[in-house]
Amino acid sequence: MMKKLTQAKNINWIIVLLVAFFVSEAIYKYLIDLQLKEYRIAGVIKFIAQIGMGFIILKEYKKNTKNIGLLVILAILFLLGQIAIQEDNIFVNIEYFNNSVFLAIVLLFANTLTLSEEQKKQIFKWFEIVIIVNSIAVIVGFVFSITLFETYQADRFGYSGFLIKSSYASYFYLIGVFYYTHQAFILNKSKKLLFLLVAFSAIIVGTKAAVLSLLLCGLFVVFKKKLFLNKVFLLTICTAFLLAVIFNKQILLFFTPYIDVFIPIIEQYGILTALFSYRDLILEERLIPFIQSDWTLINYLFGGIGSILIKSGLDFIDVFYFFGVVGGALYVYILYRVLYIYNVSKDYICFILFICIVMSLAGNFFYNSSVAILMCIMKLYFQPIKEHES
């Protein structure tokens, strides 16, 4: 069976992964709505995909010898940190490790594939279909108040369509908005209406990170196109500012669903806690005291997840918590290697920078399986970038 899997060259495995993860996410969200969340169909799909990808990566080990070796070393360092912490949940924490390296596994798998230009075009076509389908679901959910499509299962505004986690919705729309921004305004393709659809959906998602994505992509276009030197653009900005002042009450009323939930948090804990959605409190009240009391020198070097199974949600902090100083540096180096593009474009660097900025607010970037597929596609998108550069 595995032999047939590796010989099926006509199958576009990136599309298979993209559709499988998206559909399983949608089905699992429906099951959660039916109070059947124990049927973890998304987890089953990931398990099957990981076995298949792992087999092919090992089969093509000559292409990935160094990266495989680095992942093995990272696993050993992680286990050393777990043994040193002397807790009985080491096997549970292996799942955290597995989630952490899934991005690297997907990108290594993609590196083993030989994709034609036609296959890449098909990948981007299906990528766009997934983004548009979910964006339509977001807007339909918003218009008809469909609880299944809500971002939060609480009294907070937001519709994420078929996506389960708010953090995934944030990255989904950062990637989607950046992609359509690049297509419509940098490459000047006729996709401005699709950009507006995706951008509006990003607002309706209701996460701070999704809205931040719009601002970042707007700045990207301004500096890429040097619009700050354009008199018409400057006049438009001044006019928009003036209209915002005139209609400030109406604008505040529109954003009331967003800000109402944060007012009590700001009053009790401050604006930072509201921005970080309590992540700063988890860090201050749980993680730091645990590290100070339970960690040894080995844990500072190689990390160590103890009885605190909850992550801080601040990804760079969690990398240190999981892997320590040495292991964390190795982990970042591995991601650099698998994300690296020869003759890298400034646009790709900018995209990665935006991911890092949003990561500081949204968290859970390294541990979301579906994000890994999207990142793989964006790397493919920017590989033939030479014709995009001016």
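Only a predicted model underlies this, so the values are computations on that prediction, with no experimental measurement involved. (Residues numbered from 1 in each chain as written. Predicted model: local features only at pLDDT ≥ 70, side-chain atom pairs only at ≥ 80, totals over all residues. Heavy atoms only, no water.)

Which residues make up the environment of tyrosine 348, and what values do they have?
Locating tyrosine 348 in the fold gives a position in helix α18 (residues 346-362). Overall, the relative accessible area of 5% leaves tyrosine 348 in the buried class. Along the backbone, tyrosine 348 and tyrosine 30 are 318 residues apart, and their C-alpha atoms lie at a distance of 35 Å. In contact with tyrosine 348, not counting residues within four places along its chain, are Leu339, Ile341, Met378, Lys379 and Phe382. (Helix = DSSP H or I, 4+ residues; strand = E, 2+ residues; numbered from the N terminus. Buried < 20%, exposed > 50% of the residue type's maximum accessible area, 1.4 Å probe, protein only. Contact = heavy atoms within 4.5 Å.)

Help me get a handle on helix α15 (residues 279-294), residues and values and all.
When the terminal C-alpha atoms of α15 are compared, their 21 Å separation across 16 residues agrees well with the 22 Å that a helix rising 1.5 Å per residue should span. A maximum bend of about 30° is found in α15 at leucine 287, where proline proline 289 lies one to four positions downstream. What α15 keeps buried is the set Arg279, Asp280, Leu281, Ile282, Leu283, Leu287, Phe290 and Ile291. Contacts from the buried residues of α15 go to α4 (61-85), α13 (263-269), α14 (271-275), α16 (297-302), α17 (315-339) and α18. (Expected span 1.5 Å × (residues − 1). Bend = angle between axes of the 7 residues up to and from the residue.)

Quick one: what's the story with the pattern of salt bridges, residue by residue and with numbers?
For the coordinates displayed, the defined rule picks out four salt bridges. Where lysine 120 meets glutamate 117, a salt bridge forms, and the shortest distance between an N and an O atom there is 4.0 Å. You can see lysine 120 and its partner glutamate 117 sitting in helix α6 (residues 117-144), three residues apart, about one turn around the helix. (Salt bridge = Lys/Arg side-chain N within 4 Å of Asp/Glu carboxyl O.)

Could you give me a rundown of helix α19 (residues 369-382), with the residues and numbers involved?
Helix length check: α19 (14 residues) gives 21 Å between terminal C-alpha atoms against 20 Å at 1.5 Å per residue, within 8%. Within α19, 14 of the 14 residues are buried, which leaves the element mostly enclosed by the surrounding structure. Of the residues that open α19, the one with a side-chain oxygen 3.2 Å from the backbone nitrogen of serine 370 is asparagine 368. (Polar contact = N/O pair within 3.5 Å; in protein donor to acceptor, adjacent residues only side chain to side chain.)

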